[in-house]
Protein chains: 2
Amino acid sequence: MKKLIIASTSTIHGSGYLEYLMPTLAVFFADVKNLLFIPYARPSGISYDDYTAIAKKAFAKIAIDVKGIHEFENPKVAIQNAEAIFTGGGNTFELVNQLYKNDVITVLKEVLNNGIPYLGTSAGSNICGINMMNTNDMPIVYPPSFTTLSAIPFNINAHYLDPIKDSKHMGETRETRIKEFHVFNKIAVLGLREGSWLEVLGDTISLKGNLTARLFQKDINAVELEVGVLTIK
Amino acid sequence: MKKLIIASTSTIHGSGYLEYLMPTLAVFFADVKNLLFIPYARPSGISYDDYTAIAKKAFAKIAIDVKGIHEFENPKVAIQNAEAIFTGGGNTFELVNQLYKNDVITVLKEVLNNGIPYLGTSAGSNICGINMMNTNDMPIVYPPSFTTLSAIPFNINAHYLDPIKDSKHMGETRETRIKEFHVFNKIAVLGLREGSWLEVLGDTISLKGNLTARLFQKDINAVELEVGVLTIK
């Protein structure tokens, strides 16, 4: 049975790395002793080692040991043998690029379907959707494809941001960008605000946290979804 | 001799479409009677016809007639025969996608090198760089390549936005995103604020408007460039 936590962000303002999620993760990963970390997204370009150290430190608090996928000789085998997996945030283009270059997209999809507990934050959540076309990140590398894991039947827009009132900036709002996506695509997009996450247990997807999430669908006005079980096609 | 205007935005806050640029364009396009418009970027997904009508209306004020590239049977021939060219803003991924799909990248590069006057705004400016890796747009379509026109020897970040002071949002700032680009790439990036534009005359590139522009280079602290002739490698 599929078992995922898909979080908008690793960190909320004024709080430590993963701190707001830790009580949830302690329960979610209750039976887990060892976590495989995928640091490919490299936030601010930090090294795999440095990024893994950050995750390791956070999970030490709930007595889970963390090892980076780059520490294994064969990343595919590392994923196949993982007890649980966490993909951290950063740049989604580079994350997807490395997932393809290391040829682990298919195996990652398989183990998620087989029920290996998975945590994604930000870029690590974007890849749970059908494709990465709703990332906010800059295309700093050209991945061989935008297609991602389809672990959920819609796309994620992480760090969803409401339009800034009275802004004089003429760049597109997040909502405008997602509407442009729907000119070319039919896939539903869920705007997950910072502090929100999805819990996926088998086919049941629930919105968690204290905030509503904004659902965008082609040719339909966007709607706010309340915390609880979601039905999105 | 190359002759380009590369503007951060078509429209500044509280002003009409291209209004702030019109005095400049009247001089720049002084000898031009007919302008070829490339509407491929489709801001908010509007149709080529609707977008071309907007450009047509703006240029009527300086007695220039506008025709959309989609109105010609052969887009390549349309570019070869153009007196002057304007590529409007919108989504850079879709713009680049269509430039490749219509097989006009090479011919567009050629005519720009041959001195056909060119105006780009926003996405139409991004494509003047070496690649489109510094766009702010959402990857709503997957273009066959990120490589663009290399009309200038660096990349553009249009609508450049300074970090918002005291923001509680945890998504990356523009500066962080461009720094991540420089982990993987050596190309210099010029952050052009709204209201700024570059004037390219042969090998001379000048910053115009009232604002400084922010230059990002690999392994060097970002610097503010004053209005006037630029030297960027």
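For the structure, see preceding data.
Throughout what follows, the structure given in this document is the object of discussion. (Residues numbered from 1 in each chain as written. Chains lettered and ligands numbered in written order. Predicted model: local features only at pLDDT ≥ 70, side-chain atom pairs only at ≥ 80, totals over all residues. Heavy atoms only, no water.)

## Focus on the overall build of chain A
From N to C terminus, chain A includes seven helices and 12 strands. For 233 residues, the compact-globule formula gives about 17 Å, and the C-alpha radius of gyration of chain A, at 17 Å, lands near that figure. Its C-alpha atoms give chain A principal-axis dimensions of about 45 × 35 × 35 Å. A total of 233 residues make up chain A; the buried ones form 58% of that total. (Helix = DSSP H or I, 4+ residues; strand = E, 2+ residues; numbered from the N terminus. Rg over C-alpha atoms; globule rule 2.2 N^0.38 Å. Buried < 20%, exposed > 50% of the residue type's maximum accessible area, 1.4 Å probe, protein only.)

## Some remarks on the sheet that holds strand 7 (residues 189–191) of chain A
Residues and elements named next belong to chain A. In spatial order, the strands read 6-7-10-11; together these four strands make up an open sheet with mixed pairing. Only two strands of the sheet have a single partner each, and these edge strands are strand 6 (155–157) and strand 11 (220–225). If you compare each strand with its neighbour and ignore which way they point, the axes differ by 25° on average. Bridging between strand 10 (residues 213–217) and strand 11 involves four bridges; their strand directions are antiparallel. (Pairing = 2+ DSSP bridges. Axes fitted to C-alpha atoms, helices over the stretch in contact; angles between N-to-C directions.)

## Notes on the interface of chain B and chain A
In this assembly, 47 residues from chain B lie in contact with 47 residues from chain A. Interface area for chain B against chain A, summed over the two sides, is near 3,900 Å², with a carbon-plus-sulfur share of 64%. A salt bridge links B:Arg177 to A:Asp137; its shortest N-O distance comes to 3.6 Å. On inspection of chain B and its partner chain A, the count reaches 13 residue pairs in polar contact (both at pLDDT 80 or more). Examining the composition of the side of chain B that touches chain A, we find that eight residues originate from one element, helix 7 (residues 174–184) of chain B, more than from any other. Partitioning the side of chain B that touches chain A into residue classes produces 20 nonpolar, 18 polar and nine charged. (Contact = heavy atoms within 4.5 Å. Buried area = accessible area lost by both parts, 1.4 Å probe. Salt bridge = Lys/Arg side-chain N within 4 Å of Asp/Glu carboxyl O. Polar contact = N/O pair within 3.5 Å; in protein donor to acceptor, adjacent residues only side chain to side chain. Nonpolar A, V, L, I, M, F, W, Y, C, P; charged D, E, K, R; others polar.)

## Things to note about the packing of aromatic side chains
Scanning all chains against the criterion turns up 24 aromatic pairs over all chains. Seen in terms of ring centroids, A:Phe93 and B:Phe93 are 6.3 Å apart; in terms of plane orientation they differ by 10°. Their pairing is stacked. Residue A:Phe93 is located in helix 4 (residues 92–101), and its partner B:Phe93 is located in helix 4 (residues 92–101); the two belong to separate chains. Taken together, a centroid distance of 6.4 Å and an interplanar angle of 70° make the contact between A:Phe93 and B:Phe146 edge-to-face. Taken together, the residues A:Phe93 in helix 4 and B:Phe146 in the loop between helix 6 (123–126) and strand 6 (155–157) connect one chain to another. (Phe/Tyr/Trp six-rings, centres within 6.5 Å; stacked < 30°, edge-to-face > 60°.)

## Let's talk about the sheet that holds strand 12 (residues 228–230) of chain A
Residue and element names in this part refer to chain A. An order of 3-2-4-5-1-8-9-12 is seen for the eight strands of this open sheet, with the pairing classed as mixed. Bordering the open sheet on either side are strand 3 (65–68) and strand 12, each of which pairs with just one other strand. Strand-to-strand twist in this sheet, taken as the mean axis angle between neighbours without regard to direction, amounts to 25°. Sheet topology note: the strand 2 (residues 34–38)/strand 3 ladder contains four bridges and is parallel. Each residue of the ladder has a partner; that of Leu-36, found in strand 3, is Lys-67. On the sheet, helix 2 (residues 48–60) packs against strand 2, strand 3, strand 4 (85–87) and strand 5 (118–121) and is oriented at approximately 165° with respect to strand 3.

So far we have only geometry, and geometry alone does not tell us how the molecule works.
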